[in-house]
Amino acid sequence: MSTDAATRPIIDTHQHLWVISERRYDWIVPETGPLYADFRPEDVAADAVALGVTGCVLVQAADTYDDTFFMMSVAESDPRVVGVVGWVPLDRTEEAATALRLYAASGIVKGIRALTHTYDDERWILRDPAAPALRVLADLGLTLDLVVTSVEQLRIVDELAAQHPDLTIVLDHLASPPIATQGWNPWAEAFAAVARHPNVATKLSGLSTCSTPETWTVDDWRRYVYHALAVFGSHRMMVGSDWPVAVLNGGYRRAMEAVRAIGESLSVEQRDDLYFRTAHRLYGVPLPAGVPL
């Protein structure tokens, strides 16, 4: 790897924190194995520094205010946290609007996310109760992160992006490509269809979880990442570790080393977009020190 590619700063746009000894996360149970533990910022700090990660965006891990306020409190004391993606109840219009205005005033909350992929009604976000809150979200310049785990959910995002063209939607984890099975369509076609909406972006994150357990390499990712670059362009892509979920299949260092290896194969412009410029444009986080505007 070239010296420049190896040392270029990175904003990790997808980290989670949780302290289950202090607050509840419904999906984190003993059966989740190594994730059933407390994960604090100091647990990843040394690895982040070693890999050139100069800032991070904390992303919600529960549909609760507790989780969001915890992340905001961490941001107050940790200068490495440059943004927070929190949560509001989008289907409770007045409450959501009030919370969004408070979040926007904080300066640290850059967007929201809901664990929509776990809801019984996958189409709930398209229905009338959510629409006013989504309009407030767009008016405030905040983003909407979404986890997509199926082609059907990708098609819902396609509809949502058309309904709300002023809302910036961020697809986490390249919308869960079928890397482990070396699959392609219908994911690739549905992913490309969503990319036709200029208000949709995506994250090169969470791919280790989509990969073959233990034996995956960065080469398993390349076909999917290059497809994302072809249909979205680097100006609508950013990178993230998905820590601590990444501990399930290789860990933080292995995931971010794979990101670095992908960066080596890209142009300087593409790499800088993925590493920090897209995060600056879409989340409004500061650029790393020393990089030109």
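Details of the structure are given in the entry above.
Here, residues in each chain are numbered from 1, in the same order as that chain's written sequence. Local features in a predicted model are, by the rule used here, given only for residues with pLDDT of at least 70; side-chain atom pairs are given and counted only at 80 or more, and totals for whole chains, interfaces and linings are based on all residues. Calculation of side-chain values draws on the structure's entire complement of heavy atoms; hydrogens and water are dropped beforehand.

**Thoughts on the overall build of the chain**
In this description a helix means any DSSP run of H or I spanning at least four residues, a strand means any run of E spanning at least two, and both kinds are numbered starting from the N terminus. Within the chain one finds eleven helices and eight strands. For the chain, the spread of C-alpha atoms along the principal axes amounts to about 50 × 45 × 40 Å. The contact criterion used throughout is that any non-hydrogen atoms of two residues lie within 4.5 Å. Taking the intrachain contacts of the chain between residues at least 6 apart in sequence as the baseline, contacts between residues at least 24 apart amount to 78%. Surface accessibility in these figures is a Shrake-Rupley result with a 1.4 Å probe; residues are shielded only by whichever protein chains are displayed. Of the roughly 12100 Å² that the chain leaves accessible, carbon and sulfur atoms contribute 53%.

**Looking at the pairing of strand S5 (residues 143–146)**
Each residue's exposure class comes from its accessible area (1.4 Å probe, protein chains only) as a fraction of the maximum for that residue type: buried when under 20%, exposed when over 50%, partly exposed otherwise. Alternating residues of S5 divide into Thr-143 and Asp-145 and Leu-144 and Leu-146, and every residue in both groups is buried. Note that strand S4 (residues 109–114) and S5 share four bridges and pair parallel. Pairing of Ala-114 across the sheet is with Leu-146, part of S5. What makes two strands pair is DSSP finding at least two bridges between them. Across three bridges, the pairing between S5 and strand S6 (residues 169–171) is parallel. Counted as the bridge partner of Leu-146 is Leu-171 from S6.

**Here's the deal with the packing of aromatic side chains**
Any two of the Phe, Tyr and Trp rings considered here, Trp counted by its six-membered ring, make a pair once their centres fall within 6.5 Å; the pair's planes then place it as stacked at under 30 degrees, edge-to-face at over 60, or tilted in between. Tallying each qualifying case throughout the model produces 13 aromatic pairs. A ring pair is formed by Trp-187 and Phe-191, whose centres lie 4.9 Å apart and whose planes are at 20°; its orientation type is stacked. Highlighted residues: Trp-187 and Phe-191, both in helix H7 (residues 187–195), separated by four residues, approximately one helical turn. Here Trp-187 matches Phe-191 in class, with each residue buried. Chaining the aromatic ring pairs together yields one cluster made of Trp-18, Tyr-25, Trp-27, Phe-39 and Trp-243. Either the NZ atom of lysine or the CZ atom of arginine qualifies as a charge over a ring when it sits within 6 Å of the ring centre and within 35 degrees of the ring normal. Between the NZ or CZ atom of Arg-23 and the centre of the ring of Phe-70, over which it lies, the distance is 4.1 Å. Arg-254 extends its terminal NZ or CZ atom over the ring of Trp-216, reaching a point 4.2 Å from the ring centre.

**Here's the deal with the pattern of salt bridges**
Side chains that carry opposite charge are capable of pairing whenever their charged atoms lie near each other. Whenever a carboxyl oxygen of Asp or Glu lies within 4 Å of a side-chain nitrogen of Lys or Arg, that contact is scored as a salt bridge. Applying the stated criterion across every chain yields a total of 15 salt bridges. Among the ionic pairs, Lys-203 bridges to Asp-145, the shortest N-O distance being 2.9 Å. Here Asp-145 lies in strand S5 and Lys-203 lies in strand S7 (residues 200–204), a separation of 58 residues in the sequence. The pair Lys-203 / Asp-145 is uniform in exposure class, with both members buried. Of the charged contacts, one joins Arg-281 and Asp-273 as a salt bridge, the two residues approaching to 3.3 Å between their closest N and O atoms. Ionic contacts of the salt-bridge type, sharing partners, join the residues Arg-113, Asp-145, Asp-172 and Lys-203 into one network.

**Examining the sheet that holds S6**
Pairing between sheet strands relies on hydrogen bonds along the backbone, with the strands arranged either parallel or antiparallel. Spatially, the eight strands line up as an open sheet ordered S1-S2-S3-S4-S5-S6-S7-S8, and their pairing is parallel. If you trace the sheet from one side to the other, it starts and ends with strand S1 (10–15) and strand S8 (237–239), each paired once. The mean angle between the axes of side-by-side strands here comes to 30°, regardless of whether they run parallel or antiparallel. Pairing analysis gives three bridges linking strand S3 (residues 81–86) to S4, with the strands arranged parallel. Orientation is described by axes fitted as lines to C-alpha atoms, over the contacting stretch for helices, and by angles from 0 to 180 degrees between their N-to-C directions.

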